[in-house]
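Residue strings, one per chain:
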Amino acid sequence: MDFTSAAAMAAQCCCRKAPGAEAAPARPPPEPPPALDVASASSAQLFRLRHLQLGLELRPEARELAGCLVLELCARRPAPRALVLDAHPALRLHSAAFRRAPAAAGESPCAFAFAAPGPSPAPPPPLPAFPEAPGAEPACCPLAFRVDPFTDYGSSLTVTLPPELQAHQPFQVILRYTSTDAPAIWWLDPELTYGSAKPFVFTQGHSVCNRSFFPCFDTPAVKCTYSAVVKAPSGVQVLMSATQSTYVEEEGVYRFHMEHPVPAYLVALVAGDLQPADIGPRSRVWAEPCLLPTATSKLSGAVEQWLSAAERLYGPYLWGRYDIVFLPPSFPIVAMENPCLTFIISSILESDEFLIIDVIHEVAHSWFGNAVTNATWEEMWLSEGLATYAQRRITTETYGAAFTCLETAFRLDALHRQMKVLGEDSPVSKLQVKLEPGVNPSHLMNLFTYEKGYCFVYYLSQLCGDPQRFDSFLRAYVEKYKFTSVVAQDLLDSFLTFFPELKEQSVDCRAGLEFERWLNATGPPLAEPDLSQGSSLTRPVEALFQLWTAEPLDQAAASASTIDISKWRTFQTALFLDRLLDGSPLPQEVVMSLSKCYSSLLDSMNAEIRIRWLQIVVRNDYYPDLHRVRRFLESQMSRMYTIPLYEDLCTGALKSFALEVFYQTQGRLHPNLRRTIQQILSQGLGPGTEPSVEQGGAGADSEVDTDAPALLLGDEAPGSAISLRDVNVSA
């Protein structure tokens, strides 16, 4: 039935009969409650979430999402007083209601009625309509609710439940709401897209942002299936992270269904001027029309090759399709592994090797992260470390060990650079990080999560003596835990059970390499992989770097000029430039010689190379090449290619240059990015001299950037020596 007001629902309320009056449903097999998550305000441990349904209307002109959420639940214990969900101040709840649910989850999908266009400035959220059997009694009643503060990244929503609700009795809670200026929902005006034709919107839920998209159990410990109906402006293509999708032309709505359980942070939506192109038997790319030919040419056939390699290693791909959508430069990270639909930033298209690694990393997440998920954010390495290991097994199978070792050396180099900045006793260098109440879990996303986690997984593989045997273990691990969430002990117990001979040898207690020490010791990895198979690619980098740091400079420069780096791989050149960056500031005569030898050549290479050279220019105050810095910043709208340069410009004598470039380019930047750069520029300025934003820019109604993923690593302030170039975050 439709319901339009609390009064109408109260008149037909079934809650006046005690729910216990009916026969108790058959008890399902007992399930353990989810792990406690300090980042969630919810009462997830008291309920079993079976399914959720979303009715969503996109309103880009108002930068508003109107939603109706139907949660299908069972109480684990009798008579719970209330349901507590994670929410956010950006959400305004209009109503809450209760309805008895059918025995089978998702058995009774509801329709949603959307408000007709009209003069009203604020049309109501969608209304649900449930199919009712003939003669069935009305089944909805209003519920009281309240919203309380929780942390700076969310609120708690408490919904009072009917008394005497039975344990394991299926029921539904229906919430109607609007969301404005939500950190999970990024609205882009047409001019912030490549085609400048239509508005664009995408969501980014990792780690705890989706509580501003819809009220939920916003913890990776809870998974459920979901369905959605989405209404968008005419001509806007809508996509979601779902196994099934259709467009119902006569209704003007998109319908989606995810048949496998996923955590809340993996429910994702994107809408804009997007067109598809098939690139394989189960894959397509979506992109703005002007980008589609490039995306297609770079990935056609490759994704299927990577999926097939992953299946040989870790078992069947579980999600049906593997599609990729390329997002505008405002996307705040490099890539996100949303099931069935990887989000990736379009800026990476010009850097082929980075594109390959980033997409393969997201492919690996289909097994490690999406199918088997870390139960708490304190053990994010269970997803990222395993995905990084699987990514490198896939690249070894498809591109050889030398390339994999080069990429690994490049990343471990960045890990040690980060270690020097943070110090070896930094608590964020632990694999099992203690998340204090109120701390945003996104602050834990750093290179330790990826690379120290990878080193531990690699160490486990070496204990087996054969990577193929470890592949077999990981295949069994995924099969056992697929569509669930795990803690580290689940992985390690499974490992020792799978290899009983290693358990007998007490490999978990080897002096200096104890599993517990791997998890809880600060500092660098206890052991690192043997990368000698990549020496044919890394030795030339070391040799060239040594030449440029040798004396006399004239002889060194002459010898260096005979090495043609134009034929190098991107990761070789990036590794070489990173070494020079680590040594900056360099003697001015060295910088002059470097510029003479490489500046024009590097200027013709991809953005991953150019930004590193331009950081060398800035850190060494090399004015003759500042015009290249200006031109680069004038052409970039991405966080990963702007923030590192602004950080470096503002730590030296070039802040006035940075201010000048920012004033000229700010109109082309997303409000969130403008706000972040303003914060960088304002450091060290006097009171009242914070850089202003042109009229129409980021104001009080803009999304708050502090709720975006913490790309500046933890609580590091802008200007920290930890740079985005060291993170290149693929979630």
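Calculation notes
Per-chain numbering applies: the sequence of each chain, read as written, is numbered from 1 onward. Given that this is a predicted model, residues contribute local features only at a pLDDT of at least 70 and side-chain atom pairs are listed and counted only at 80 or more, while totals for whole chains, interfaces and linings are drawn from all residues. Just so you know, side-chain values use all the structure's heavy atoms and leave hydrogens and water out. Where helices and strands are cited, they refer to DSSP runs of H or I of at least four residues and of E of at least two residues respectively, numbered from the N terminus. Exposed residues in this analysis have more than 50% of their type's maximum accessible area, buried residues have under 20%, and partly exposed residues fall in between, with area computed by a 1.4 Å probe over protein chains only. To be clear on the numbers: accessible area is Shrake-Rupley with a 1.4 Å probe, and residue cover counts the displayed protein chains and nothing else. Pairing between strands is defined by DSSP: at least two bridges between them are needed. Axis lines are fitted through C-alpha atoms, for helices just across the contact stretch, and the angle between N-to-C directions can take any value from 0 to 180 degrees. UniProt positions are given in the numbering used here, feature names are shortened, and annotations may be inferred rather than shown by experiment. Definition of a polar contact: a pair of N or O atoms within 3.5 Å, with one able to donate and the other able to accept a hydrogen when the atoms are protein atoms, and with sequence-neighbouring residues admitted only if both atoms are side-chain atoms. What makes a nonpolar core is a set of buried Ala, Val, Leu, Ile, Met, Phe, Trp, Tyr and Cys residues whose side-chain atoms join them at distances within 4.5 Å. Contact definition: two residues touch when any of their heavy atoms are within 4.5 Å. For classification, angles of less than 35 degrees are called roughly parallel, those exceeding 145 degrees roughly antiparallel, those between 65 and 115 degrees roughly perpendicular, and all remaining angles oblique. Classification convention: Asp, Glu, Lys, Arg as charged; Ala, Val, Leu, Ile, Met, Phe, Trp, Tyr, Cys, Pro as nonpolar; all other residues, Gly among them, as polar. Within 6.5 Å between ring centres, the rings of Phe, Tyr and Trp (the latter by its six-membered ring) count as paired, and their orientation is classed by plane angle as stacked under 30 degrees, edge-to-face over 60, tilted in between.

Caption draft 1: Region of interest: the overall build of the chain. Broken down by element type, the chain carries 20 helices and 24 strands. Put simply, the chain has 731 residues, and 61% of those count as buried. For the chain, the computed accessible surface area is about 26800 Å², with 53% contributed by carbon and sulfur atoms.

Caption draft 2: Inspection of the sheet that holds strand β13 (residues 224–231) at higher detail. The eight strands lie next to each other as β7-β4-β10-β2-β1-β13-β16-β15, forming an open sheet whose pairing is mixed. Two strands lie at the open edges of the sheet, namely β7 (140–142) and β15 (244–248), each paired on one side alone. Each adjacent strand pair in this sheet contributes to an overall mean axis angle of 20 degrees, direction not counted. The pairing of strand β1 (residues 47–59) with β13 spans seven bridges and is classified as parallel. Opposite glycine 55, over in β13, you have valine 229 as the bridge partner.

Caption draft 3: Region of the structure containing the UniProt feature "active site" (unreviewed entry) in the chain. UniProt records the feature "active site" (unreviewed entry) at Glu362 and Tyr450, using the numbering of this structure. The annotated residues occupy 89 residues of the chain but converge on a single region, no pair of C-alpha atoms lying more than 12.9 Å apart. Within the secondary structure layout, glutamate 362 lies in helix α4 (residues 352–365). Under the relative-accessibility criterion, glutamate 362 is labelled buried at 1%. From its side chain, glutamate 362 meets the backbone nitrogen of glutamate 337 in a polar contact 3.1 Å long. By secondary structure assignment, the location of tyrosine 450 is in helix α7 (residues 447–464). Residue tyrosine 450 is classed as buried on the basis of its relative accessible area, which comes to 8%.

Caption draft 4: Fine view of the nonpolar core. Tyr477 and Phe495 are the most contacted members of the largest nonpolar core, which totals 228 residues. Of all the elements, α7 adds the most residues to this core, at 12 residues. In this structure, tyrosine 477 is in contact with Phe368, Val372, Leu386, Val486 and Leu491, ignoring residues within four places of it in sequence. The next biggest cluster of nonpolar side chains, apart from the first, holds 12 residues, and it includes Ala97, Phe112, Val248 and Val253.

Caption draft 5: Layout of the packing of helix α12 (residues 535–548) against helix α13 (residues 553–560). It is the contact of α12 with α13, at a shortest axis distance of 8 Å, that shows an interaxial angle of 150 degrees. By the criterion of interaxial angle, the relationship of α12 to α13 is roughly antiparallel. Two secondary-structure elements touch here, α12 through Leu544, Leu547 and Trp548 and α13 through Leu553, Ala556, Ala557, Ser559 and Ala560. A per-class count over the contact of α12 with α13 returns seven nonpolar, one polar and no charged.

Caption draft 6: Local environment of the packing of aromatic side chains. Evaluation of the coordinates by the stated rule reveals 42 aromatic pairs. When the ring of tyrosine 314 is compared with that of phenylalanine 368, the centres are 5.3 Å apart and the planes differ by 85 degrees; the resulting orientation is edge-to-face. A residue pair is termed long-range when its members are at least 10 positions apart, and tyrosine 314 in helix α3 (residues 302–314) and phenylalanine 368 in the loop between α4 and β23 (372–374) qualify at 54 residues. The class for tyrosine 314 is buried, based on a relative accessible area of 2%. Consider the rings of phenylalanine 470 and phenylalanine 473, whose centres lie 5.6 Å apart with planes at 40 degrees: the pair is tilted. One end of the pair is phenylalanine 470 and the other is phenylalanine 473, both in helix α8 (residues 467–481) and three residues apart, which spans about a single turn.

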